[in-house]
Amino acid sequence: MKPELVHMLESLGQKKLLATLADLNNKEAEDTLYEQLVAVSHHYEGGLEGYLAKGKEVLQKFQSGATEEIGIRPPMNKLRLDLSPEYEEHEEFGRKRLGEVGFVLVAGGLGERLGSPVIKISLICEIMSKLSFFELYCEYFKRFAAETGKKINLFIMTSDDTHEKTQKFLEEVTYLDFLTIHIEKQDNIPCFEDFDLNIALTEQNTLLRKPHGHGDVHFLFKRSGLAHKWQHEHGLKYIYFFQDTNPFSIPSLPILLSYTIKKDLLFTFLSVGRKQGEAIGALISSKNNITYNAEYNVFQNFIKNAEVKEEFDAFGFSNYSGNTNCFLINLEEYAKALENGFNQGEFINPKIDKETKKITSPFRIESLMQDFVFAISDPTRIGVVELNRSLAFSTCKNNLDSGKALQKKNLASETIIEVENDIYYRFFKTLKYCGINFFAKNQRKISDEESYSKSFQVLLSNIMVKYAPKIMIHPSTAMFISDFKDVFKNVTFDLSDDLAMRIKGPVQFSNCSFTSLSLWIENNKQYSITFENLNMRDHNERVIKYKSLEFTDEKEKDDEEHLAHRMRGYKIDDESKWSKIVIN
């Protein structure tokens, strides 16, 4: 047997694996296994010895039933905001400091659970513009680059499933003028076959490996060497981690950045209101004053076992904010923690048969990206910004059947339909806040209370969503509240027969009204175009509607647009309905 392999396995206490290899007497299998183990040693913090030591540590914790002392206190440093003058103040302050932020995107997921084989960042999030999630993020970054006068830095973590597809997808996206991207593929780690931590093999006698969890992003970022480069070559002071299918994670950043700077925080969570029973982590403070995320099942068990009554406000939201898995870290603090060998709270989650109490399948050590909070040097400088959900969080996790089941429990469906409608609703809410009038039939003004009520809902492919006119405003037109106020002055929308609008580029509207039409305005010039005293009206038949799909019509086509239709169960009925004003 290969001497190097024997020495390695003996030093790791892997006697069972040695015996298995001796019985096999297969040189090719031995060489392959050795190469795989060496690869793990290179990418895991502390090498294989560190991995086995961590395995013993988390196993002991699992078997003893020990958990973090959750306590019953909400986070200490917490800002709770909806659209308001205070929101505007924070947004304008944070807007001026966007050039100090680098970005990290975890993009390891495929859309198979959603009914699509493509990577999730390539899914079309809004059907009128046909923008994918990543393309929408790029448009935000392009706006940030214009604001700051410097390129945006983005680190992307991929997986075995998504790496090549992500690289190919990025080749088709135009971003080089305003964005620098660094990609690292997540490495898989060994699995254990039992509680003696014997390393498991596949049926082909290769190392059985699985992903380490999205917490691996910190190991990869350290390996990239970007922490020093971003600080000293690009002058960055903060690093923002965000998710692949939340279209509001980027426009929420200025609020998060402002609060972080003003409170001199080292780590700040972006959060939203959390409803009872919702499968979203809860942000809590421990007895040691560490604010962190407790996974929803852990939190619910604690509440139940400790017989603690969780408090809810008049709208049904808990005093423990819901974690969106977006957070901002002081880059100097982050770099020091990486350099000093950070502890981010890894764990194991073995599947155990309830009757036999035996492990049903091999398990590995897992990690969560948000648990980096345990590496922060001063727990009193951890904070939470809780924004209204319609401003900060919408995500695509479920297919339509799963989403419908969740809605029966009075929870968000987290489907692509809801994400798309939430995009429209965010614009609807923002424009109303900025003083834009929306009218229903008989010129009845739509009140805030009405737009929030259950009666103001529609059913799309059996998914119930809040009604919102289909208005898509490109970041090049308006992104911040002050933008919307500058762009729309004394404008009214008559929604008697619904309405659809796409607006892109620098434009302004003054003393305008829009009724029952599908309007596409696109200014590709650098200078702004102003529309004054424009009153546009069409007929209900000319308003873009959704047409329910006959699946047999499109099942043979697998491009992104047709996949987007099938995921929703509908498509736009007639693209020729658009009244277009395009300036090139």
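Quantities reported herein were computed from a predicted structural model and do not represent experimental measurements.

S.K.: Describe the pattern of salt bridges, with residues and values.
M.R.: Throughout the structure, instances matching the rule amount to 27 salt bridges. Between R97 and E100 there is a salt bridge, with the nearest N and O atoms lying 2.6 Å from each other. Residue R97 is classed as partly exposed on the basis of its relative accessible area, which comes to 22%. Put simply, E366 and R364 hold a salt bridge, and the shortest N to O gap is 3.8 Å. Neither residue differs from the other here; E366 and R364 are each classed as buried.

S.K.: Quick rundown of empty space enclosed by the protein? Include the residues and the values.
M.R.: Tallying each qualifying case throughout the model produces 3 cavities of 30 Å³ or more. Taken together, 13 residues make up the lining of the largest cavity; nearest its centre are Y140, P251, R426, F427 and I473. When residues in the lining of the largest cavity are grouped by element, the largest group, 3 residues, is from helix α15 (residues 416-433). Of the pockets and cavities examined, the second largest cavity occupies roughly 40 Å³. Surrounding the second largest cavity, L83, Y87, E91, L391, R426, T430, M479, F480, I481 and F484 form its lining.

S.K.: Please set out the sheet that holds strand β29 (residues 579-583) residue by residue, giving values where relevant.
M.R.: Pairing within the open sheet is parallel, and its 4 strands lie in the order β20-β22-β24-β29. Only two strands of the sheet have a single neighbouring strand rather than two, namely β20 (470-473) and β29. Each adjacent strand pair in this sheet contributes to an overall mean axis angle of 0 degrees, direction not counted. As paired elements, strand β22 (residues 500-504) and strand β24 (residues 518-523) share 5 bridges and run parallel to each other. Among the inter-strand pairings, M501 is bridged to a residue of β24, identified as L519.

S.K.: Go over unusual backbone geometry with me, naming the residues and quoting the values.
M.R.: A positive phi angle is found at N205, which is not glycine, with a value near 65 degrees. By the secondary structure assignment, N205 is in the loop between β7 (188-190) and β8 (209-211). One non-glycine residue, D498, adopts positive backbone phi at about 70 degrees. Within the fold, D498 resides in the loop between β21 (488-494) and β22. On the accessibility criterion, D498 (16% relative accessible area) is buried.

S.K.: Lay out a negative patch on the surface with the relevant residues and their values.
M.R.: Where like charges cluster on the molecular surface, the negative patch consists of E171, E172, D559, E560 and E561. The residue E560 is located in helix α18 (residues 560-568) in this model.

S.K.: Which residues make up the pairing of strand β16 (residues 382-387), and what values go with them?
M.R.: Counting buried positions over the 6 residues of β16 gives 6, a clear majority of the element. Neither face of β16 is open: one carries I382, V384 and E386, the other G383, V385 and L387, and all of them are buried. Pairing of strand β10 (residues 267-272) with β16 involves 6 bridges; the strand directions are parallel. Following the sheet pairing, V272 is matched in β16 by L387.

S.K.: Before we move on, can you summarise the packing of aromatic side chains with the specific residues and values?
M.R.: Under the counting rule described, the total for this entry stands at 35 aromatic pairs. Considering the side-chain rings of F221 and Y334, the 5.7 Å spacing of their centres and the 55 degrees angle between planes classify their relative orientation as tilted. Residue F221 is located in helix α8 (residues 216-224), and its partner Y334 is located in helix α12 (residues 331-339); the two are separated by 113 residues in the primary sequence. In this pair, the class of F221 matches that of Y334, namely buried. Taking 5.0 Å as the distance between ring centres and 50 degrees as the angle between the ring planes, the aromatic pair formed by Y292 and F374 counts as tilted. Residue Y292 is located in strand β12 (residues 291-294), and its partner F374 is located in the loop between β15 (365-366) and β16; the two are separated by 82 residues in the primary sequence. Its end group placed over the ring of F248, R426 keeps NZ or CZ at 5.2 Å from the ring centre. A cation over a ring is seen here: K466 above Y425, with NZ or CZ 4.7 Å from the ring centre.

Calculation criteria
Residues numbered from 1 in each chain as written. Predicted model: local features only at pLDDT ≥ 70, side-chain atom pairs only at ≥ 80, totals over all residues. Heavy atoms only, no water. Salt bridge = Lys/Arg side-chain N within 4 Å of Asp/Glu carboxyl O. Buried < 20%, exposed > 50% of the residue type's maximum accessible area, 1.4 Å probe, protein only. 1 Å grid on protein atoms, 1.4 Å probe; cavity = no way out; pocket = protein on both sides within 12 Å on 5 of 7 lines; lining within 4 Å. Points joined across faces, edges and corners; volume = space filled by probe spheres on them. Helix = DSSP H or I, 4+ residues; strand = E, 2+ residues; numbered from the N terminus. Pairing = 2+ DSSP bridges. Axes fitted to C-alpha atoms, helices over the stretch in contact; angles between N-to-C directions. Patch = residues over 30% accessible without salt bridge, like charges linked within 9 Å, V, L, I, M, F, W, Y side chains within 5 Å. Areas by Shrake-Rupley, 256 points an atom, 1.4 Å probe, with all protein chains shown as cover. Lys, Arg positive; Asp, Glu negative; His and termini not counted. Charge placed at Lys NZ, Arg CZ, Asp CG, Glu CD. Phe/Tyr/Trp six-rings, centres within 6.5 Å; stacked < 30°, edge-to-face > 60°. Lys NZ or Arg CZ within 6 Å of the ring centre and 35° of its normal.

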